[in-house]
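Report on the structure
The residues making up each chain are set out below.
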Amino acid sequence: MKIIALEGFPTVHSVPLARVICDGPRIIVEADDLDEKPFKLIFSPHQAVKLTTVDCLCLPKGLSIIRFNIMEVENSSWIEELKGNLSEIDANANFMDKARHFLLHLGDNILEVIAWDIVVEN
């Protein structure tokens, strides 16, 4: 497992706190960038989501996250777990092959989303 910062995405400002919205197949994060301009991150379609307080997040040794940046977890054990679950339910389903594990530091919380893609809207 490896965590990498994604380039080309805005850095989340620490205030105001970002809003996380579950909207059908999309997870939407409404936040401000470092210049205090609002933007939205849209993860779609999503297969799973976790919102964890930073106090309760324990990363494996040697891994770290970059505050207020959008990152991706490569070789994600969470994706492998979900693929295993899917194969027990539907052995022919392969939509998890497109899944990516995104991670975003939002100040007091860490958002993790398994989704096919992420886009930014201003």
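How each quantity is defined
- Residues numbered from 1 in each chain as written.
- Predicted model: local features only at pLDDT ≥ 70, side-chain atom pairs only at ≥ 80, totals over all residues.
- Heavy atoms only, no water.
- 1 Å grid on protein atoms, 1.4 Å probe; cavity = no way out; pocket = protein on both sides within 12 Å on 5 of 7 lines; lining within 4 Å.
- Points joined across faces, edges and corners; volume = space filled by probe spheres on them.
- Helix = DSSP H or I, 4+ residues; strand = E, 2+ residues; numbered from the N terminus.
- Nonpolar A, V, L, I, M, F, W, Y, C, P; charged D, E, K, R; others polar.
- Buried < 20%, exposed > 50% of the residue type's maximum accessible area, 1.4 Å probe, protein only.
- Polar contact = N/O pair within 3.5 Å; in protein donor to acceptor, adjacent residues only side chain to side chain.
- Contact = heavy atoms within 4.5 Å.

**Describing the layout of surface pockets**
- Of the volumes computed, that of the largest pocket is approximately 170 Å³.
- Considering the residues around the largest pocket, the lining is formed by 15 residues, among which Met1, Leu59, Pro60, His101 and Glu112 are closest to the centre.
- Mapped by element, the contributors of at least two residues to the lining of the largest pocket are helix H1 (77-89) and strand E6 (100-105).
- A breakdown of the residues in the lining of the largest pocket according to their chemical character gives ten nonpolar, three polar and two charged.

**So, the side chain of histidine 105**
- With respect to the element layout, histidine 105 can be found in strand E6.
- Given the relative accessible area of 4%, histidine 105 is considered buried.
- Polar side-chain contacts of histidine 105 include one of 3.3 Å to the backbone nitrogen of glycine 107.
- In this structure histidine 105 touches Val54, Ile65, Ile66, Arg67, Phe68, Asn69, Met71 and Ile110, once residues within four positions along its chain are discounted.

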